[in-house]
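Residue-level structural notes
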Amino acid sequence: MLKNKTRRRFLQIIGTASLLSPALIKQSLALGTQKDAVFFKWQGVALGGQAEILLPKEKGSEDLARKIQNEISRLEKIFSLYLPSSEINHLNSQGELKNPSPELYQVVSMAHEISSLTKGAFDITIQPLWLVHSEMPNLTDHKRKKAIQSVQELINYRNITVSPEHISFKKRGMAITLNGIAQGFITDRIYQLLISHGLTNSLVNVGEIKALGNHPSGREWVVSIKGQEEKMPEKAVNLHAGKAIATSSPTGTILKDGHSHLLQVKNTDALALYKTMSVIADNATTADALSTGLSFIPPQELKNIISTKRNIEIIAHTVTGETIKI
């Protein structure tokens, strides 16, 4: 079975206790935001990472929380590399999948769009390279170089054939990971589930965060990018109703050989450009994928890359200490 660890969570919600560091709790109390947070909180795991949904505390919240858990479990059976019988593992082991679920078709199609937009910087076929770094930590430099060269020809999003009836790989040995996009997709699905149940003021945090309406107090939801807490509250992000935010960082997950979980195909030894790359978009699927792909794009090219997409915002913290907002 092919496995991936999901990236660490780099977003924190200000004004609720559960996801705050002690420093942020102190700051939120000083701002007077924690006392007005009255929620029913669903907490669980999605694709190997902690998840939390903040619901208004009212009758029926517990039943809705069970529906949320069931929907996440259903989607994990499609996207999770941890589950041997998942659709993605079947596709990776067989090289093709007939009659894929609509969800898998949608995510692979969206991934292709983001890959094209980022000129291949985002590429779900990176999985074979991930395995070299993660599952072969004791290789000599020479053997590692040869192993990387042997899998690089397998990494190209254009070698996926996708339709509603059939998904297949053009080369034997190809494999995909959706860990850079599936969290966002699940976030969007739970968001829609809440809307279908009549909710108007909730927050979905399934690795990526999406705001349904405003905080019950009437203010906007406020999010901190981890690592920037000392600059609060000036550097807080007000998340407008209906918007989603996702963040990636080279230090989010370190593989067994010490390499960052963010892997580049063209230059595997390239130094990181950003401490964090955050993207705000109308949907969490786009925000998730772009926060990964844009992590490889030089600052001077970011604006051009997203110029064809509507309603995209970037907040990037470079390794040199610069903050870029587009």
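Counting restarts for each chain: residues are numbered from 1 in the order of the written sequence. Local features in this predicted model are restricted to residues whose pLDDT is 70 or higher, and side-chain atom pairs enter the listing and the counts only when it is 80 or higher, whereas totals over whole chains, interfaces and linings include all residues. Hydrogens and water molecules were not included; the side-chain quantities draw on all heavy atoms of the structure.

With five of six residues buried, strand E13 (residues 313-318) lies mostly within the body of the structure. For two strands to be treated as a pair, DSSP must find at least two bridges joining them. Numbering of helices and strands starts at the N terminus; helices are DSSP runs of H or I of at least 4 residues and strands are runs of E of at least 2. Judged from the six bridges that link them, strand E12 (residues 274-281) and E13 form a sheet pairing that is antiparallel. Within the sheet, the bridge partner assigned to Ser278 lies in E13 and is Ile315. In this sheet, strand E14 (residues 323-325) lies alongside E13 in antiparallel orientation, the contact comprising three bridges. Paired with Ala316 across the bridge in E14 is Ile324. Where E13 folds back on E14, the antiparallel hairpin that results is connected by four residues, among which Gly321 adopts a positive phi of roughly 95°. Only protein chains enter the accessibility calculation, which uses a 1.4 Å probe; a residue is then buried when its area is under 20% of its type maximum, exposed when over 50%, and partly exposed in between.

Let us now look at the nonpolar core. The nonpolar core is taken to be a set of buried Ala, Val, Leu, Ile, Met, Phe, Trp, Tyr and Cys residues, with the residues joined through side-chain atoms within 4.5 Å. Counting residues in each nonpolar core, the largest one holds 63 residues, and the members touching the most others are Ile68, Phe79, Leu178, Ile190, Leu194 and Leu294. For Leu178, the contacting residues outside a window of four places in its chain are Phe79, Ile88, Leu104, Val107, Ile124 and Gln183. Phe39, Leu54, Ile209 and Ala211 belong to the second-largest nonpolar core, a separate cluster that totals 13 residues. Contact definition: two residues touch when any of their heavy atoms are within 4.5 Å.

Across the sheet, three strands lie side by side as E4-E6-E5; this open sheet has antiparallel pairing. For this open sheet the edge positions go to strand E4 (96-98) and strand E5 (160-162), each flanked by a neighbour on one side alone. Averaged over all pairs of adjacent strands, the angle between their axes in this sheet comes to 10°, without regard to strand direction. As defined by bridge partners, E4 adjoins strand E6 (residues 166-169) across three bridges and the pair is classed as antiparallel. Counterpart to Leu97 in the pairing with E6 is Ile167. To get an axis, fit a line to the C-alpha atoms, keeping to the stretch in contact for a helix; angles then go from 0 to 180 degrees between the N-to-C directions.

With that settled, the discussion passes to the confidence of the model for the protein chain. pLDDT measures the predictor's confidence residue by residue and takes values from 0 up to 100. Counting all residues, the mean pLDDT for the protein chain is 80, and 75% of those residues have values of 70 or more. Low pLDDT (under 50) marks residues 1-37, which in the prediction has 130 contacts with non-local residues, meaning those over four places away or in another chain.

This next bit is on the packing of aromatic side chains. Two aromatic rings, drawn from Phe, Tyr or Trp (for Trp, its six-membered ring), form a pair once their centres lie within 6.5 Å of each other, and the interplanar angle then sorts them: stacked below 30 degrees, edge-to-face above 60, tilted otherwise. Summed over the entire model, instances satisfying the criterion amount to one aromatic pair. Ring centres 5.6 Å apart and planes at 75° place the aromatic pair Phe79 and Phe185 in the edge-to-face group. Of this pair, Phe79 sits in helix H2 (residues 61-79) while Phe185 sits in helix H7 (residues 182-196), and the two are 106 residues apart along the sequence. The class for Phe79 is buried, based on a relative accessible area of 0%.

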